[in-house]
Amino acid sequence: MNSAATEDIELTDGSACELMHPRAWNGYLVSQPDLFDDEIDRAFQSWLAVHGFASVRHTRDVRGWDIERGIANHREATALFRERFGAPPAGEIVLGASMGGLLARILVEQDPDSFAGALPMDGGGAGLLATFNRGFDMAFVVSQLLAPEAPIVLADAPSVAEQLTRLAAVIAAARRNASGVARLALAASIGAVPVWSDPTRAEPPADDPLQEADHLISGMASTIGPAYGFRALVEELVGGVVIDNVHVDYAQSLQISGASGRVQVLYDEAGLSLADDLQALADAPRVAASSAAVDSATRGAVVEGRVRCPVFVLKSLGDPDASVAEENAYLAAASRAGSRDLVRVGYVHSAGHVNATLAERAAALSVLVERIESGGWQGLTSAPALNERAARIAADARWDFTLRRAPGLDTRVSRFVSCEPWPYPRA
């Protein structure tokens, strides 16, 4: 079994960084813009070492949501690896999850000559502003329809914590009656929340709109607060409001989501008029962004799909934090940029954020490596081919693929499926 030397270092801004160099290096460096350290990540690091991949990881604990610093830290970390071990002869593959997925997409566009490939997971497909505007849209609908007399302050709030407490209380109260459930389902659908997003619960039956609504609302409740909180951190960094809904048509957003039928059923059962609520949203006072704040937040952090290396996205269908609809936006951007042939997406039928098994992650990486080395995607990225590959990888006796403490990760070896994601309302 391959062994690896691991070195923990500190970057210039104080962020923790880990360099890993295997004894029998296969020539690839897998650089990871975010360091997670749960069971699945430790397992994946061990799998990388066993199979000869070098690795660089660094944290967001110090930089937070400062995207420019995240990019700078990544460049510093990979430069340190090269100083110690030399340039990776086979090339660098940037692999990131969540915010790291956004950073991976940005890096391959900003430094196109530095990467052999990219593997983003669950994050960044529609870019930074679209992500924050999506969370804002859901909170706006909740505020206007469920707290109209005293709307929740969603921009320039004196106390973000106080508004988050109010938002959570409004959602909790609304879940106790049919009209509240219908309006929360509307908010979740406008935010492209998946019906199934909790890996600790069974997938709801498609013929039970009330169960679906309960799952939708739970998914929204899990992401709407963090989305507000993270956005507030960015706004503090750039000194102004970055979200904007001046020209948003929420009726159109609902139609784009593909969930209008489900929402209409819930409104009918509650005895409410969906048309009236959509008109109330159209008439509600809007929030405008600061152009200076937007410019600052997006400086060096735009995703345009302009890639020159293969990009294979690993996407959980049931991710409430990074909707699968983001990949529709990413593929459309790549098409506009003339890069569509370089981009593929592997969709995993799983619930939760960054919820891919070890076999699914390893299969995605091995597909990307084969694409880099062969020059073509032929036969590599269909769901059956990916599941077959994952099964072969999982049969490797050198590694135990059973993960016992990660909900939803050890139920099946591989769950790749075909998917045509709905458009992203805020693309």
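These remarks concern the structure in this document.

### Things to note about the overall build of the protein chain
Along the protein chain, the regular secondary structure elements total 14 helices and nine strands. Over its C-alpha trace the protein chain gives a radius of gyration of 22 Å, about what one expects of a compact globule, namely 22 Å for 427 residues. With the principal axes as the frame, the protein chain shows a C-alpha extent of 65 × 45 × 40 Å. Each of the 427 residues in the protein chain was classed as buried or not, and the buried ones make up 57%.

### A word on the environment of S418
Assignment of secondary structure puts S418 in the segment after β9 (416–417). You can call S418 exposed: its relative accessible area is 67%. Remark: the alpha-carbon pair of S418 and G219, spanning 199 residues in sequence, is separated by 22 Å.

### So, the sheet that holds strand β5 (residues 91–97)
With respect to topology, nine strands assemble into an open sheet ordered β1-β2-β4-β3-β5-β6-β7-β8-β9, the strand pairing being mixed. Of all strands in the sheet, those with a lone pairing partner are β1 (4–10) and β9, marking the two edges. Inspection of the sheet shows strand β2 (residues 16–22) paired to strand β4 (residues 54–58) by four bridges, in the antiparallel sense. When the sheet's bridge partners are listed, E18 is paired in β4 with R57.

### Here we look at the pairing of strand β8 (residues 343–351)
Taking burial as the measure, the nine residues of β8 include seven buried ones, the bulk of the element. One ladder, built from seven bridges, connects strand β7 (residues 311–318) with β8; its direction is parallel. Among the inter-strand pairings, G318 is bridged to a residue of β8, identified as A351. Tracing the backbone out of β7, into helix α12 (residues 325–336) and back to the parallel element β8 gives a crossover that is right-handed. Bridge analysis of β8 against β9 gives two bridges, and the strand direction is antiparallel. When the sheet's bridge partners are listed, V348 is paired in β9 with F416.

### Some details on the packing of helix α4 (residues 128–146) against helix α10 (residues 274–283)
At a minimum axis distance of 10 Å, the contact between α4 and α10 shows a crossing angle of 110 degrees. Taken together, α4 and α10 sit at an angle that is classed as roughly perpendicular. Contacts between α4 and α10 involve F140, V141, Q144 and L145 from the first element and D277, A280 and L281 from the second.

### Describing helix α3 (residues 99–110)
Taking 1.5 Å per residue as the helical rise, α3 with its 12 residues ought to reach 16 Å, and the 16 Å between its terminal C-alpha atoms agrees with that figure. Across the 12 residues of α3, 11 count as buried, placing the element largely inside the fold. Looking only at α3, the buried set comprises M99, G100, G101, L102, L103, A104, R105, I106, L107, V108 and E109. Tucked inside the fold, the buried residues of α3 contact α2 (67–85), β5, β6 (117–121), α4, β7 and α12.

### Some details on unusual backbone geometry
Generally, phi is negative for residues other than glycine and the peptide bonds are trans, each holding for most cases. Phi is positive for S98, close to 65 degrees, though the residue is something other than glycine. For S98, the location among the structural elements is in the loop between β5 and α3. Exposure remark for S98: the relative accessible area of 18% places this residue in the buried category. A positive phi is found at V354, a non-glycine position, where the angle reads about 55 degrees. Within the secondary structure, V354 is located in the loop between β8 and α13 (358–374).

### Observations concerning the nonpolar core
Core analysis: the largest hydrophobic core is formed by 79 residues, its most contacted members being I67, V142, L186 and M220. Apart from residues lying up to four places away in sequence, L186 is in contact with V141, L145, L254, V263, Y267, L274, L278 and L281. Residues A97, F312, V369 and A390 belong to the second largest nonpolar core, which totals 36 residues.

Conventions we followed
Residues numbered from 1 in each chain as written. Predicted model: local features only at pLDDT ≥ 70, side-chain atom pairs only at ≥ 80, totals over all residues. Heavy atoms only, no water. Helix = DSSP H or I, 4+ residues; strand = E, 2+ residues; numbered from the N terminus. Rg over C-alpha atoms; globule rule 2.2 N^0.38 Å. Buried < 20%, exposed > 50% of the residue type's maximum accessible area, 1.4 Å probe, protein only. Pairing = 2+ DSSP bridges. Right-handed = clockwise from strand over helix to strand, strands pointing away. Axes fitted to C-alpha atoms, helices over the stretch in contact; angles between N-to-C directions. Parallel < 35°, antiparallel > 145°, perpendicular 65-115°, else oblique. Contact = heavy atoms within 4.5 Å. Expected span 1.5 Å × (residues − 1). Core = buried A, V, L, I, M, F, W, Y, C linked by side-chain atoms within 4.5 Å.

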